[in-house]
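# Geometric and topological summary
Read off the chains here:
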Amino acid sequence: MKGAIVVNTDRCKGCSLCVVACPKQCISLANKKVNVHGYPYVEPNAQSDACTGCTSCAIVCPDGCITVYRKKVEE
């Protein structure tokens, strides 16, 4: 399985609960970037290729800002 996330950056408050919940460390706070409300937000990082689509990040997000996609990868 291969996963990918999409973050609604306008709604994200940068609480970092998803960063802590990700078992593969695929998410991090955006470096020196803020959304329209002035909050730093999370985004997929360089390790995002390791994402398995486990949905841990989406489950812990209090504002429902993360959408997780999964697809089966042929090897």
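Please refer to the structure placed before this passage.
Keep in mind the model is a prediction, meaning the values are calculated, not measured.

## What to know about the side chain of Asn45
Following the sequence through the fold, Asn45 ends up in the loop between strand S3 (40–44) and helix H2 (56–60). Among residues more than four places away in sequence, those in contact with Asn45 are Gln25, Cys26, Ile27 and Ser28.

## What to know about the environment of Gly64
Within the secondary structure layout, Gly64 lies in the loop between H2 and strand S4 (66–71). Residues Gly64 and Val7, 57 residues apart in the sequence, show an inter-C-alpha distance of 9.1 Å.

## What about unusual backbone geometry?
Its identity as a non-glycine residue notwithstanding, Lys32 has a phi of 60°, on the positive side. Of note, the phi angle at Thr55 is positive, near 70°, even though the residue is not glycine. Mapped onto the elements of the fold, Thr55 is located in the loop between S3 and H2. By relative accessible area, which is 27% here, Thr55 ends up partly exposed.

Analysis parameters
- Residues numbered from 1 in each chain as written.
- Predicted model: local features only at pLDDT ≥ 70, side-chain atom pairs only at ≥ 80, totals over all residues.
- Heavy atoms only, no water.
- Helix = DSSP H or I, 4+ residues; strand = E, 2+ residues; numbered from the N terminus.
- Contact = heavy atoms within 4.5 Å.
- Buried < 20%, exposed > 50% of the residue type's maximum accessible area, 1.4 Å probe, protein only.

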